[in-house]
Amino acid sequence: MTVLGINAYHADSSAAIFVNGKMIAAIEEERFRRVKHWAGFPSMSVAFCLKEAGVTLEQVDHIAIGRDPMAKLGKKLLFLLKNPGGGFAAVKNRLNNAQKVSSIEDEFLQLQQVDKATLKKKIHNVEHHRSHLASAFFASPYEEAALLSIDGSGDFTTTMIGIGRGNHIEVIDSVDFPHSAGIFYTACTQWLGFPHYGDEYKVMGLAPYGSPKYVDALRELLEFTDDGLFRLNLNYFRNPKQGIISYGDDHIPVVATLYTDVFEQKLGKARQKGEELTQFHKDFAASVQRITEELIFHILTHLQKRTCLKNVCIAGGVAQNSVANGKITRNTAFEHVYIPSAGHDAGISMGAALYVHHQTLKQQRQPAIWSAYTGSKFSNEEIETILQAKNISYKKLSDDELYNYVADRLIDAGVVGWFRGRSEFGPRALGGRSILADPRRSDAKDLLNAKIKRRESFRPFAPSILKEYVDEYFELNDVVPFMEKVFPIKKEKQSLIPAVTHVDGTGRLQSVDAEVSPGYYALIEAFRQKTGVPILLNTSFNENEPIVNTPQEALDCFLRTSMDMLVMENIIVER
Ligand SMILES: [Fe+2]
């Protein structure tokens, strides 16, 4: 049985395909379109998934669309009636979106010629948050787990809790738009002078430089309710009727300014882009991060009491808060936490497909998903053809020679572009499309920023660590395959790996498993044998663009920046 899932007309549009419950391919459309968070119909991702699975659209049994225009329809209409006059823009936007969703069949038909009536019968609409819940639970190793989906908004919901048992998800409760943890965090992010969609991680990176002095002031904006959920004080946030997010013809998501004059009256004037980041801003970032963590623990503590379960699965944009994720087992009674590699909206395609496969079609569970390598792959021959056409000289080494050669270059202060195997599904590079450096170098951060990234100096770089050594370097021992959790680094180890130790002594780790990532594991092992340190600094292979997808894009990035070495499969290009 073949199930194709898509996230369309929503940020981070994507497609995923499952054959008999096994994920064959999943990819974000931004990787093909080369526009971050691209939000149209994911036609290139769909074509890629069909090709990887070796099927035509005709042969796909079910198509799962991670969106249900009918979800909470009554509440939506009531909301519009109760808030008249606010927004022609919002209503128009909604209508436009509804039209787009209804034309989804035509989009498919443009891809491949199939009978429209047959196609229509294959389509299932899966509500946004149920898709998030399914992406976490059905991919997890748990037979039974509590579930949380938390984001900005989707299908008029911003938060959903539930229980997963076997091949079934039961929804317990939800929070309606516009009361949203995502809207709260994004408003604060914008107020701090970071205006772009997806800038929230900058606040998370800045937070450890401040102290959470303003948590009490923020409690006025974000109220924790006795039912284990929350509500926003809407005076501080944009009237949702005026529209929160829009997608232009370029399919780039643009978020409106979400904080209001009342917000500025209470907390001060918003920082303008480029204005100095003062201690006040850092303290504010720390406060936003702290209250968000408290909110997540508040929701999870209630959820745990309600379910009496020890496992929890989480997804949604707010579940990208790796700092909060890393603290869950220390601050709630949950003992195990699973978060998929694409916990954000790209994961909707995967979740919708999983929902249809298990919940709708009642198919049995499959082994847990620990690998995010579901994207594009290229052969040595394809890479050599590109290099030869451009007259670029290169070396071709066997695997073992290559790991040693690259490890030596890293030790010699090299910054290495590492392009091997299939690309990752989700926002993190995990050794498929990564830029690597020696984590022992105290100047590695400056080196990377000077040579490639040119990003804000307060943002940390992350460690990939062989999974057998997590316990030796971190205060917590856990499987963290997708860099989805931040853990404290043991005090005595921090000075050994300064390049991946954040200012508060933490690191957003990837625990590297030899079975899941054999090549990447072997490289880190070669580095360990030479240095005694089982860790590499890993950042995504890009420069102000979506992560590179093809050898051509990797080569362009290498040539544009001052990277020292480019490794693509068994091919090495050096300066
Ligand atoms: Fe979402």
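Computed from a prediction, not measured in an experiment: that's the story for all the values here. (Residues numbered from 1 in each chain as written. Predicted model: local features only at pLDDT ≥ 70, side-chain atom pairs only at ≥ 80, totals over all residues. Heavy atoms only, no water.)

J.: It is not clear to me how the coordination of the iron ion should be interpreted in this structure. Could you clarify?
T.: Where a metal carries four tetrahedral donors, each ideal angle is 109.5 degrees; where it carries six octahedral donors, the ideal angles are 90 or 180 degrees. With distances of 2.0 to 2.2 Å, the protein atoms coordinating the iron ion are H128 (NE2), H132 (NE2), D151 (OD) and D345 (OD). Counting along the primary sequence, the residues that act as donors to the iron ion give the motif H-x3-H-x18-D-x193-D. Remark: D151 occurs in strand β6 (residues 144–154) and H132 occurs in helix α7 (residues 128–137); sequence separation between them is 19 residues. (Donors = N, O, S within 2.8 Å, 3.2 Å for Na, K, Ca; no water. Helix = DSSP H or I, 4+ residues; strand = E, 2+ residues; numbered from the N terminus.)

J.: Mind showing me how you'd approach the sheet that holds strand β1 (residues 2–7) here?
T.: Reading across from one edge, β3-β2-β1-β4-β5 is the order of the five strands in this open sheet, with mixed pairing throughout. The strands lining the two open edges of the sheet, one partner per strand, are β3 (22–28) and β5 (123–125). Between one strand and the next, the sheet's axes are offset by a mean angle of 20 degrees, whatever the strand orientation. Relative to strand β4 (residues 62–65), β1 is paired through four bridges, and the arrangement is parallel. When the sheet's bridge partners are listed, L4 is paired in β4 with I63. (Pairing = 2+ DSSP bridges. Axes fitted to C-alpha atoms, helices over the stretch in contact; angles between N-to-C directions.)

J.: I tried to follow the environment of L218 on my own but got confused; where do I start?
T.: With respect to the helices and strands, L218 occurs in helix α10 (residues 215–219). A residue is classified by how much of its surface remains accessible, and L218, at 0% relative accessible area, is buried. Here the alpha-carbon distance between L218 and L436, two residues 218 residues apart in the chain, equals 39 Å. Once you skip the residues sitting within four places of it in the chain, L218 turns out to touch F184, L267, F284, S287, V288 and I291. (Buried < 20%, exposed > 50% of the residue type's maximum accessible area, 1.4 Å probe, protein only. Contact = heavy atoms within 4.5 Å.)

J.: What is the right way to read the nonpolar core from this model?
T.: As a rule of thumb, nonpolar side chains are buried together in soluble globular proteins. Ranked by size, the top nonpolar core spans 61 residues in total, and within it F184, F237, F263, F284, L300 and I314 carry the most contacts. Ranked by the residues each element gives to this core, the list is headed by helix α12 (residues 279–307), at 10 residues. If you look at the next biggest cluster of nonpolar residues, it comprises 59 residues, including L397, L466, Y473 and I524. (Core = buried A, V, L, I, M, F, W, Y, C linked by side-chain atoms within 4.5 Å.)

J.: Mind showing me how you'd approach the pattern of salt bridges here?
T.: When the charged atoms of two side chains lie near each other, side chains of opposite charge can form a pair. A full pass over the atoms with the stated rule returns 37 salt bridges. K202 serves as the salt-bridge partner of D199, at 3.5 Å between the closest nitrogen and oxygen. As far as the burial class goes, D199 and K202 line up, both buried. R420 is the partner of D399 in a salt bridge, and the nearest nitrogen-oxygen pair spans 3.1 Å. Placement of the pair is D399 in helix α16 (residues 399–411) and R420 in the loop between β16 (416–419) and β17 (433–437), with a sequence separation of 21 residues. (Salt bridge = Lys/Arg side-chain N within 4 Å of Asp/Glu carboxyl O.)

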